[in-house]
Amino acid sequence: MSEDKKQLWREALSPIYWDEGKVVMLDQRLLPTREVWNTYETADQVADAIREMVIRGAPAIGCAAAMGVAAAARGLPDDEAGFRAGFDAICRRIGEARPTAVNLSWAVERQREVFESAIGRGPAAAREALEREALEVWHEDIDFCRAMGRIGAELIPDGATVLTHCNAGALATGGYGTALGVIRGAVEAGKRIRVLADETRPFLQGARLTAWELHHDKIDVTVICDNMAGALMQAGQIQCVVVGSDRIAANGDVANKIGTYTVAVLAKRHGVPFYVAAPRSTIDLQIKSGAEIPIEERPAREVTHVGETQLVPDGVPVRNIAFDVTPAELVAAIITEVGIARPPSAQTVRALFDRTFERP
């Protein structure tokens, strides 16, 4: 890894890089015990990495998709007809990797628009434009996360214990994080924050990833079992909840890692504010409510095994629904890079798109 990439990794904990026409990703399946970087350059390789959760988290998947399209386009023929046909196949292959996180299709469509505006100048110009756009998506996402951190920090009380679910941190984004970006923003503002990280079965994103990166940043973090949150809320030991999202409907309904809805219901019962942090690219205005969000179901082995250790008897059926939907009425606020939708509704969510983001 070059020195400039090492510096960005140290500053933003970015899980993905662009390196001379190739996509380099931190294999999150191996954390926290091993730090392994893999290199990808074809559409099949990038799509498989997304589907197999080498990289995960909606914004990070968007970055991977944008870079994957640009990398794969480097291998297309130099005649315009062949380039166009190959480019369409690349976009379809990567765009179908996972269904729930809207950032995936958003990034692919953004690259399609760049392609259409550049291909008239020839394949070389299109390749160059796609690479520029991929890097813009990546750096833009880091800027968005830092902005969410500054904005959302105002909602976190000094001295609060904050519950998180899944990993919506630097590893799930271009860098810095959405939900964990809000926590980082509060810490950087001088607030004393303690974090409780749900383990987040079955893939253990909280226990493996959230705990790893917060510990890396020397932020006070404790891992708890998924079924412990209600008891701690009942005991008054949790002051707020902050999570990320994989897709937000136009009315403010939020799709996030399975178990999020349960946490939101518990928070409502105990008067604990439940916040969602996500960039506007995660908001899908074409979907009216959470009932329309496609929900991915993943392989049973993620439930039956932890690594090579089998937990479930052979022959017993397993459901592995990867996401659930939290109704907007349970969400106190949606934090974005341009401001807060509070309370979330069709009106407050739509108003976010009337604002302009200014890069720092």
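Bear in mind the structure is a predicted one, so any value in this text is a computation, not a measurement.

Novice: Residue-level account of the overall build of the protein, with values.
Specialist: Counting secondary structure elements, the protein contains 12 helices and 16 strands. Relative to its length of 360 residues, the protein is compact, with a C-alpha radius of gyration of 20 Å against a globular reference of 21 Å. Seen along its three principal axes, the alpha-carbon backbone of the protein occupies a region of about 65 × 55 × 45 Å. Buried residues in the protein amount to 58% of all 360 residues. One finds the centroid of the 40 positive side-chain charges in the protein at a distance of 3 Å from the centroid of its 49 negative side-chain charges.

Novice: Which residues make up the packing of aromatic side chains, and what values go with them?
Specialist: Across all of its chains, the model carries 5 aromatic pairs by this definition. Taking the centre distance of 5.9 Å and the plane angle of 10° together, the rings of F83 and F115 count as stacked. Here F115 lies in helix α5 (residues 102-118) and F83 lies in helix α4 (residues 80-95), a separation of 32 residues in the sequence. Look at F115 and you get buried, because its relative accessible area is 2%. Here F144 and F357 contribute two aromatic rings whose centre-to-centre distance is 4.7 Å and whose plane-to-plane angle is 85°, an arrangement assigned as edge-to-face. Note that F144 is positioned in helix α6 (residues 123-152) and F357 in the segment after α12 (346-351), a separation of 213 residues in sequence. Each member of the pair, F144 together with F357, is buried. Among the aromatic side chains, those forming a connected cluster through ring pairs are Y17, W37 and W138. The cationic tip of R208 hangs over the ring face of F203; the distance from NZ or CZ to the ring centre is 4.9 Å. Over the ring of F323 we find K257, and its NZ or CZ is 4.3 Å from the ring centre.

Novice: Lay out the sheet that holds strand β14 (residues 323-326) with the relevant residues and their values.
Specialist: Two orientations exist for strands paired in a sheet by backbone hydrogen bonds: parallel and antiparallel. The sheet built from 4 strands is open, its strands ordered β11-β8-β9-β14 with mixed pairing. Of all the strands in the sheet, just β11 (283-284) and β14 have a single pairing partner and so form its edges. Relative to β11, strand β8 (residues 247-249) is paired through 2 bridges, and the arrangement is parallel. Bridged to A249 within β11 is D284.

Novice: Before we move on, can you summarise the pattern of salt bridges with the specific residues and values?
Specialist: Applying the stated rule across the entire model yields 25 salt bridges. We note a salt bridge from D88 to R92, for which the minimum N-O separation is 3.1 Å. Of this pair, D88 and R92 are both found in helix α4, 4 residues apart, which corresponds to roughly one turn of the helix. Salt bridges here are not isolated pairs; linked through shared partners, they connect D27, R29, D44, D48, R51, E52 and R93.

Novice: Account for the packing of α4 against α5, naming residues and giving values.
Specialist: Direction vectors running N to C along α4 and α5 enclose 170°, while the axes themselves pass 9 Å from each other. In terms of orientation, α4 lies roughly antiparallel with respect to α5. Of the residues in α5, those in contact with F83, R84, F87, D88, C91, R92, I94 and G95 of α4 are L104, V108, Q111, R112, F115 and E116. Of the residues that constitute the contact of α4 with α5, the class distribution is 7 nonpolar, 2 polar and 5 charged.

Novice: Describe the environment of A255, listing the residues and the values that go with them.
Specialist: Relative to the helices and strands, A255 resides in strand β9 (residues 254-257). For the pair formed by A255 and P294, sequence separation is 39 residues and the distance between their alpha carbons is 9.3 Å. Excluding residues within four positions of it along the chain, A255 makes contact with T100, S245, D246, R247, I293, D324 and V325.

Novice: With reference to specific residues and values, describe the side chain of Q28.
Specialist: Counting through the fold element by element, Q28 comes out in the loop between β2 (22-26) and β3 (37-40). The buried category is assigned to Q28, whose relative accessible area is 0%. Residues contacting Q28, with those up to four places away along its chain left out, are P15, M53, V54, I55, R56, L171, R208 and L209.

Novice: Hey, could you go over the sheet that holds strand β10 (residues 274-277) for me, with residue numbers and the actual values?
Specialist: On the basis of which strands lie adjacent, the open sheet formed by 7 strands has the order β6-β5-β4-β7-β10-β15-β16 and mixed pairing. Two strands bound the open sheet, and with one partner strand each, they are β6 (221-224) and β16 (340-341). Sheet topology places strand β5 (residues 194-198) next to β6; 4 bridges connect them, and they run parallel. The residue of β6 that forms the bridge with A197 is V223.

Novice: So what about the packing of helix α3 (residues 58-73) against α6? Which residues, and what values?
Specialist: Two elements in contact, α3 and α6, have axes whose closest approach is 8 Å; the angle formed by their N-to-C orientations is 165°. With respect to each other, α3 and α6 are oriented roughly antiparallel. Considering the relative orientation of α3 and α6, their crossing is left-handed. Together, P59, G62, C63, A66, M67, V69, A70 and A73 of α3 and R127, L130, E131, A134, V137, W138 and D141 of α6 make up the contact between the two elements. For the contact of α3 with α6, the residue count by class is 11 nonpolar, 1 polar and 3 charged.

Reading the values: rules and limits
- Along each chain, residues carry numbers from 1 onward, in the same order as the chain's sequence is written.
- Reporting in this predicted model follows two pLDDT cut-offs: at least 70 for local features of residues, and 80 or more for side-chain atom pairs to be given and counted; totals over whole chains, interfaces and linings ignore these cut-offs and use all residues.
- Hydrogens and water molecules were not included; the side-chain quantities draw on all heavy atoms of the structure.
- Numbering of helices and strands starts at the N terminus; helices are DSSP runs of H or I of at least 4 residues and strands are runs of E of at least 2.
- Just to be clear, the radius of gyration here is over C-alpha atoms, and the globule rule we use is 2.2 Å times residues to the power 0.38.
- Each residue is assigned to one of three classes by its accessible area relative to the maximum for its type, calculated with a 1.4 Å probe on protein chains only: buried under 20%, partly exposed between the two thresholds, exposed over 50%.
- Neither His nor the chain ends contribute to the count of charged residues, in which Lys and Arg are positive and Asp and Glu negative.
- Working definition for charges: the position is that of NZ of Lys, CZ of Arg, CG of Asp or CD of Glu.
- Ring pairs shown here join Phe, Tyr and Trp side chains whose ring centres sit within 6.5 Å, with only the six-membered ring taken for Trp; geometry is labelled stacked below 30 degrees between planes, edge-to-face above 60, and tilted in between.
- Whether a charge sits over a ring comes down to the Lys NZ or Arg CZ being within 6 Å of the ring centre and within 35 degrees of the ring normal.
- By the convention used here, strands pair only if DSSP detects at least 2 bridges between them.
- Here, a salt bridge means any Lys or Arg side-chain nitrogen found within 4 Å of an Asp or Glu carboxyl oxygen.
- Only the stretch in contact is used when a helix axis is fitted, and all axes are lines through C-alpha atoms; the angle between N-to-C directions ranges over 0 to 180 degrees.
- We call two directions roughly parallel when the angle between them is under 35 degrees, roughly antiparallel when it is over 145, roughly perpendicular when it lies between 65 and 115, and oblique otherwise.
- The criterion used for residue contact is that any of the two residues' heavy atoms lie within 4.5 Å.
- Lys, Arg, Asp and Glu make up the charged group, whereas Ala, Val, Leu, Ile, Met, Phe, Trp, Tyr, Cys and Pro make up the nonpolar group; the residues left over, Gly among them, are polar.
- Handedness of each helix crossing follows the sense of rotation of the near helix against the far helix: counterclockwise by less than a right angle gives left-handed, clockwise gives right-handed.

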